[in-house]
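# Observations on the model geometry
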Amino acid sequence: MANTRTVTVINGDGIGPEVMAATIRVLEALKAPLEFEFKDAGAEVIAKYGTNLPHETVEAVLRSGVALKGPTGTVVGGGMASANVGLRKRLDLYSSLRPVKSVPGVKTRYDNVDLVVVRENTESLYAGLEHIIVPGVVESLKIITEKASTRIARFAFEYARKHGRKKVTSVHKANIMKLSDGLFLDCTRKVGREFPEIQYEEVIVDNMCMQLVKDPTRYDVLVMENLYGDILSDLCAGLVGGLGLVPGANIGERTAMFEAVHGTAPDIAGKGLANPTALMMSAVMMLDWLDMRDEARKFENALAKVHGEGKARTGDLGGSATTREFTDAVISAL
């Protein structure tokens, strides 16, 4: 097929293989010009490779330029570093992009939520620079650079301009971390001056959490450092029904990885009960990134129709549909 793009597929752990298989079924039904190359990463492949992120997986994504990834498990408080963080660092996927939008037919406490969380992906406390000073005392270094802060700010403002967004909010804790977060704010202010048509504001991170819970419709594009972005993107997902309904993308200069941002859900893995919506919506973002706009809109509209009708609803949303039944409904709605 002419102009076919190769996509590196990483199934991940837990429910990953199930939601990935469902998503690929829809992509194939769309007849999107894609070829799939399967590679491994995650906790479940450590026994095979001795690592949760094989070198050949990273090389495959560098070759293809695009990956579709299921959730991968990470041991809390020990074990190997996160495969997610490793992929973002080694591929220089500096921007985490998470659109959070109310889903038709999914009732929550909020209506008309339409937020975009832009998270810097490569530094801050996620640099992973920790050491024991003396027994009982650990130091963890927070790294903020002008280069990374300017790059993520420019990404946020350019995204806002391209998508007709009106406001960018920089989220920070510069009242306490005056040098590190202060540098981040200096960079976002400088970039913001290049986009006079876009309103710019700054909100302290703890206040931001409260304001989002009070009225999320006041906000548009949110840009922030790594840790704040990790926390706030999950908070925002809760406004529209949870992580199972929110897509995610990690974007670099030449490479992008699209992934479900929820966990591996080992309690339901292998039972055919998982909701594949998050990964499917991530695949929609991937199609847009690949300039396959028609296929993206068909996929997006089919998902909206299935959720809006509410006839094929998975257990996490109060229904009884299996992963396959939900996927069949999406394919029928194409």
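Remember, predicted model here, so these are calculated numbers, not experimental data.

### Regarding helix 8 (residues 226-240)
Think of an α-helix as turning once every 3.6 residues; residues three or four places apart then point the same way. An ideal rise of 1.5 Å per residue puts 21 Å on 15 residues; helix 8 measures up with 22 Å between its terminal C-alpha atoms. If you check which residues of helix 8 are buried, you get Asn-226, Tyr-228, Gly-229, Leu-232, Ser-233, Cys-236, Ala-237, Leu-239 and Val-240. Projected down its long axis, helix 8 carries its buried residues within an arc of 160°, all on one side. Elements that come into contact with the buried residues of helix 8 comprise strand 4 (95-101), strand 5 (114-120), strand 8 (167-172), helix 6 (180-192), helix 7 (205-214) and strand 10 (221-224).

### Digging into helix 7
Listed in full, the buried residues belonging to helix 7 are Val-205, Met-208, Gln-211 and Leu-212. Down the axis of helix 7, the buried side of the element spans an arc of 110°, and every buried residue falls inside it. Those residues of helix 7 that are buried are in contact with strand 5, strand 8, strand 9 (199-204), strand 10 and helix 8.

### Comments concerning the pairing of strand 9
Looking at chain direction, strand 8 and strand 9 are connected through six bridges and run parallel. Bridge pairing links His-172 to Ile-204 in strand 9. A crossover connection joins strand 8 to the parallel strand 9 through helix 6; in handedness this β-α-β unit is right-handed.

### Quick notes on the state of the cysteines
Throughout the structure, instances matching the rule amount to zero disulfides. You can see Cys-209 has no disulfide; the closest cysteine sulfur is in Cys-236, sitting 8.6 Å from it. Of the residues examined, Cys-209 reaches a relative accessible area of 22% and is grouped as partly exposed.

### Focus: the layout of surface pockets
It is a probe the size of a water molecule, rolled over the atoms, that shows where empty space is left. Each pocket or cavity is described by its volume, and for the largest pocket that value is around 1100 Å³. Lining the largest pocket are 33 residues, and of these Pro-99, Tyr-159, His-163, Met-285 and Asp-288 lie nearest its centre. For the lining of the largest pocket, the elements supplying multiple residues, two or more each, are strand 4, helix 5 (146-162), strand 11 (247-251), helix 9 (277-289) and helix 10 (293-309). Here the residues of the lining of the largest pocket sort into 16 nonpolar, four polar and 13 charged. Shared between two domains, the lining of the largest pocket holds at least three residues of each, these being domain 1 (1-101 + 241-333) and domain 2 (109-239).

### Quick word on the side chain of Asn-226
On the secondary structure map, Asn-226 appears in helix 8. Residue Asn-226 is classed as buried on the basis of its relative accessible area, which comes to 1%. Within the local environment of Asn-226, its side chain forms a polar contact with the backbone oxygen of Glu-123, the two atoms lying 3.4 Å apart. Every residue in contact with Asn-226, bar those within four places of it in the chain, is listed here: Arg-119, Glu-120, Asn-121, Thr-122, Glu-123, Ser-124 and Tyr-126.

### Here's the deal with the pairing of strand 11
Each regular strand shows side chains that alternate between the opposite faces of the sheet. Burial of strand 11 is extensive: five of the five residues sit out of reach of the surface. Residues Pro-247, Ala-249 and Ile-251 of strand 11 are buried on one face, and the alternating residues Gly-248 and Asn-250, pointing to the opposite face, are buried as well. Of the pairings in the sheet, the one linking strand 4 to strand 11 comprises three bridges and is antiparallel in character. In the sheet register, Ser-96 faces strand 11, and the bridge partner there is Asn-250. Relative to strand 12 (residues 256-260), strand 11 runs antiparallel, the two being bridged by five bridges. Of the residues in strand 12, the one forming a bridge with Asn-250 is Met-257. Connecting the antiparallel pair strand 11 and strand 12 is a turn made up of four residues.

### Looking at the domain arrangement of the chain
Where the parts come together, the accessible area they lose is often given as the size of the interface. Along its sequence, the chain is carved into domain 1 (1-101 + 241-333) and domain 2 (109-239). Of the residues lining the interface, 21 residues belong to domain 1; the matching set on domain 2 comes to 24 residues. Of all residues in domain 1, Tyr-94, Arg-98 and Val-100 give up the largest surface area on contact with domain 2, accounting jointly for 35% of the area buried on that side. The interface formed by domain 1 and domain 2 includes two salt bridges.

The rules we used
- Residue positions are counted from 1 within each chain, in the order its sequence is given.
- The predicted nature of this model means local features are confined to residues of pLDDT at least 70 and side-chain atom pairs, given and counted, to a pLDDT of 80 or more, with totals for whole chains, interfaces and linings taken over all residues.
- With hydrogens and water set aside, each side-chain value is computed from the structure's full complement of heavy atoms.
- Counting from the N terminus, the helices are DSSP H or I runs at least four residues long and the strands are E runs at least two residues long.
- The span one expects for a helix is its residue count, reduced by one, times 1.5 Å.
- Here's how the labels work: a residue is buried when its accessible area is under 20% of the maximum for its type, exposed when over 50%, partly exposed in between, all with a 1.4 Å probe on protein chains only.
- Think of it as the arc spanned by the lines of direction from the helix axis to the C-beta atoms.
- Pairs of residues are marked as contacts when any of their non-hydrogen atoms sit within 4.5 Å.
- Strands were regarded as paired on the criterion that DSSP finds at least two bridges between them.
- Place the viewer so that the strands point away; then a crossover is right-handed whenever the path from the first strand over the helix to the second strand goes clockwise.
- Disulfide assignment relies on a single distance test, namely cysteine sulfur atoms paired within 2.5 Å.
- Using only the protein atoms, space was sampled on a 1 Å grid; points where a 1.4 Å probe fits but cannot get out form cavities, open sets with protein on both sides within 12 Å along at least five of seven lines form pockets, and lining residues are those with an atom within 4 Å of a point.
- Grid points are joined across faces, edges and corners, and a volume is the space filled by probe spheres set on the points.
- Three classes are used, and their members are as follows: Ala, Val, Leu, Ile, Met, Phe, Trp, Tyr, Cys and Pro are nonpolar, Asp, Glu, Lys and Arg are charged, and the others, Gly among them, are polar.
- Residue ranges assigned to each domain were obtained from an automatic or database domain assignment.
- Pairs of N or O atoms are called polar contacts if they sit within 3.5 Å, as long as, within protein, a hydrogen donor faces a hydrogen acceptor (for residues adjacent in sequence, only side-chain-to-side-chain pairs).
- Summed over both partners, the accessible area lost on bringing two parts together, with a 1.4 Å probe, is the buried area.
- Think of a salt bridge as a Lys or Arg side-chain nitrogen and an Asp or Glu carboxyl oxygen that are within 4 Å of each other.

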